[in-house]
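Chain by chain, the residues:
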Amino acid sequence: MIATLLSLGFFAAVVRITVPYALAALGGTLSERSGVINIALEGLLLFGAFSSTIGAWFGHGPVAGVLGGVLGGAALGALYALLVVTLKGDQIVCGVALNLFADGITRFLLKATFDSSSNSPRIDAWGHIGTTLILVTVALVALFHVVLYWTPFGLRLRAVGEHPEAAASLGVHPARIRWAALVLAGAVAGLGGAWLAADQRQFVAGMSNGRGYIALAAMIFGKWRPAWAAAACLLFGLAEALQIVLQASGVGVPAWAVQMLPYVLTMITLAGFIGRAQAPRALGKSD
Amino acid sequence: MKLGRALLPPLWAFLIAMAAASALILAVGGSPLAVYRLLAAGTWGNGYGIGQVLFKTTPLILTGLSVAVALRGGLFNIGAEGQLTVGAFLTAFVGAHAASLPPVVAIPLALVAGAAGGAFVAAIAGALKAWRGAHEVINTIMLNFIVRALMVGLGARLFEREQIHTAPIALSARLPRLSSWLSALHGSAANASLFLAVAVALFVAWLFARTRIGFRIRAVGLSPAAAAAAGISVPRVQLGTMALSGAIAGLVGANFVLGYKYYYEDGFSGGIGYIGIAVAVLGRARPLGVVLAALVFGTLSQGGLAVNAVVPKEIVDVLTAVIIFAVAAAQPTVRRMLVGKEPAQ
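Residues numbered from 1 in each chain as written. Chains lettered and ligands numbered in written order. Predicted model: local features only at pLDDT ≥ 70, side-chain atom pairs only at ≥ 80, totals over all residues. Heavy atoms only, no water.

**Focus on the side chain of A:Thr137**
Right, so step 1: For A:Thr137, the location among the structural elements is in helix α6 (residues 130-150).
Right, so step 2: Those residues in contact with A:Thr137 that sit more than four places away from it in its chain are A:Val19, A:Ala22 and A:Leu23. (Helix = DSSP H or I, 4+ residues; strand = E, 2+ residues; numbered from the N terminus. Contact = heavy atoms within 4.5 Å.)

**Re the packing of aromatic side chains**
Centre distance and the angle of the planes are the two values used to describe a pair of aromatic rings.
Right, so step 1: On inspection of all chains with the given rule, the structure shows 14 aromatic pairs over all chains.
Right, so step 2: Seen from their ring centres, A:Trp57 and A:Phe114 are 5.4 Å apart, and the 85° between their planes marks the pair as edge-to-face. Of the two residues, A:Trp57 sits in helix α3 (residues 41-59) while A:Phe114 sits in helix α5 (residues 91-114), which places them 57 residues apart along the sequence.
Right, so step 3: Judged by its relative accessible area of 14%, A:Phe114 is buried.
Right, so step 4: Pairwise contacts between aromatic rings join B:Phe55, B:Phe89, B:Phe159, B:Phe256, B:Tyr260, B:Tyr264 and B:Phe268 into one cluster.
Right, so step 5: Here the guanidinium or amino end of B:Arg72 rests over the ring plane of B:Phe208, the centre of that ring lying 4.7 Å away.
Right, so step 6: A cation over a ring is seen here: B:Arg174 above B:Tyr262, with NZ or CZ 4.3 Å from the ring centre. (Phe/Tyr/Trp six-rings, centres within 6.5 Å; stacked < 30°, edge-to-face > 60°. Buried < 20%, exposed > 50% of the residue type's maximum accessible area, 1.4 Å probe, protein only. Lys NZ or Arg CZ within 6 Å of the ring centre and 35° of its normal.)

**Section: empty space enclosed by the protein**
Residues and elements named next belong to chain B.
Right, so step 1: Taken as a whole and judged by the stated rule, the model has one cavity of 30 Å³ or more.
Right, so step 2: Quantified by volume, the largest cavity comes out at close to 50 Å³.
Right, so step 3: Listed by contribution, the elements that provide at least two residues to the lining of the largest cavity are α1 (2-27), α2 (32-43) and α14 (315-330).
Right, so step 4: Classifying every residue of the lining of the largest cavity gives nine nonpolar, no polar and no charged. (1 Å grid on protein atoms, 1.4 Å probe; cavity = no way out; pocket = protein on both sides within 12 Å on 5 of 7 lines; lining within 4 Å. Points joined across faces, edges and corners; volume = space filled by probe spheres on them. Nonpolar A, V, L, I, M, F, W, Y, C, P; charged D, E, K, R; others polar.)

**Quick notes on the pattern of salt bridges**
For side chains of opposite charge, pairing can occur when their charged atoms come near one another.
Right, so step 1: Following the criterion strictly, the structure yields six salt bridges over all chains and no others.
Right, so step 2: Measuring nitrogen to oxygen at the nearest pair gives 2.9 Å for the salt bridge that ties A:Asp199 to A:Arg16. Here A:Asp199, found in helix α9 (residues 174-200), pairs with A:Arg16, found in helix α2 (residues 8-33); they are 183 residues apart in sequence, far enough to count as distant.
Right, so step 3: A:Arg16 gets classed as partly exposed once you look at its relative accessible area, which sits at 48%.
Right, so step 4: A:Asp124 serves as the salt-bridge partner of A:Arg122, at 3.0 Å between the closest nitrogen and oxygen.
Right, so step 5: A relative accessible area of 56% places A:Arg122 in the exposed class.
Right, so step 6: Connected through salt bridges with shared partners, the residues A:Lys111, B:Lys313 and B:Glu314 form a single ionic network. (Salt bridge = Lys/Arg side-chain N within 4 Å of Asp/Glu carboxyl O.)

**A few points about helix α11 (residues 226-248) of chain A**
All names here are of chain A.
Right, so step 1: The first and last C-alpha atoms of α11 sit 33 Å apart over 23 residues, in line with the 33 Å expected at 1.5 Å per residue.
Right, so step 2: Taken residue by residue, α11 has Pro 226, Ala 229, Ala 230, Ala 232, Cys 233, Phe 236, Gly 237, Ala 239, Ala 241, Gln 243, Val 245 and Leu 246 as its buried positions.
Right, so step 3: Summarising the contacts, the buried residues of α11 are in contact with α1 (2-6), α2, α6, α10 (211-221) and α12 (255-270). (Expected span 1.5 Å × (residues − 1).)

**A look at the nonpolar core**
Right, so step 1: In this structure, B:Ile78, B:Ile141, B:Leu258 and B:Phe297 are the most contacted members of the largest nonpolar core, which totals 168 residues.
Right, so step 2: Examining the composition of this core, we find that 13 residues originate from one element, α14(B), more than from any other.
Right, so step 3: Among residues more than four places away in sequence, those in contact with B:Leu258 are B:Thr91, B:Ile107, B:Ala110, B:Leu111, B:Ile169, B:Ala173, B:Arg174, B:Leu175 and B:Gly253.
Right, so step 4: Residues A:Trp126, A:Val160, A:Val188 and A:Trp195 belong to the second largest nonpolar core, which totals 37 residues. (Core = buried A, V, L, I, M, F, W, Y, C linked by side-chain atoms within 4.5 Å.)

Scope: geometric values only; no functional claims are made or implied.
Written as structure tokens, this is what we have:
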């Protein structure tokens, strides 16, 4: 079993599970640091998976697929921004509705496009995009860290998330920053969706399957910091892969216990039992 | 005047949703008018359709009230899905072991078990909010998934062999179908739990209008600081509000378990808990509003099946989402309005 854990296959399994979590968690981090709660990560992943499938199918290639995922996610992110930033709708209500919307519209379009209520046809045009996407994910984690902490945009974004009035008095436009944050969050989560579709070489109805919520949990467990959120995703991915190996070798770690882990850890973190989990101060306030 | 203002957002939401639906129907080459006619005929057009609408409305009244009660107390309960799962499971468990009891004991006992289960799950989030300041939205979401994992791992052990449902409940714990009194509803699954849902709505209305507990919940919802200054124990009220909210969600099992299938089935809910949020928002967190909103979404839910031959039934989920978008955007300060204040003009 030790040999299994040290094998390349196990490493690959961990990475495969981690990538979509990490991309969605990055999106979540960006949007929440700008002060907007994003429980729509699940919907963004799912919609990205569908729009990337459309891209890969009609564009006959992985590049069109990735582009489709990113643009689709960004479009849904823009819809979310329109609702909660411009129209000042309640962020939680709109987030829940956006998840419902993504689930409904992808199933609707799946039937309308591919005449199936469960999945798209197999798409071989995806090719071997996986390795590239893994590298892109790693680069994005680093990039998000740099942008958030070392650039004027990142400073403004964090300022808007902590104290929008103070930021506005210094000439920063909170609404513009939040629009940018939400569209970017959508794009990166949409890329996570593209990974799901590319990995399975097809779209399956509801294929995000709760991953957006795990990403949300990882974001909080990582205390709203991109690199730590990604590390939390890696931890959750490791636990999942480990559980699969242990189950195969007959060691009794029940699957449900591992499935619960991210959520239980998040609740413990939020309750302040592991250091202090300080959310951005203006989180969830629409003005 | 007040009523007019209350009706405006739902009306506007309805128009936007109709426009979005028409666009989608046209996009797939259908005729909107024909689809709406089908939808009306398949729901309110015959006895069976009406019965099915009532059957789908029943749990939505309960989850809508659950979310509404929490909203009045300034709390967002996104965990109705997990709470109703645990509640329905316990209802089925007690119901299955109630063979020796008469219906007047067996049915209330099964319902109390469901309410207790829902209350327990919600109270975890309530306690963490009250004493640790942990955000109840995140915690109720996390609890939904913890419940899901637990049901897969532990709940499934009580399922029948090779099945995804529990043993059937005793005959004495079963609720009668409405069609046994009204033969026009023949074949539909509508059952006596509709009366339970309406009774809970009346109870909630009475609670907020007439009781000290209801007053305290509203006070904490409007301003925890002011409530605390007035001598109200904010943490205790928050814990109690969440528990009450969860208890109401926990009653959902009455409809499916006691009144329809007579067992708990994996995935029976199909997102009723999440639609409850839509019901509460459209119904402005008022009991009467919730009942009417539940009827709207109950009609849509049944209507989806009626139009499925012409347009994919998922159009209903899109419609539901668009209605929430429109209502939420029409009420910039939904939360403030929900707890009883009009927005600044």
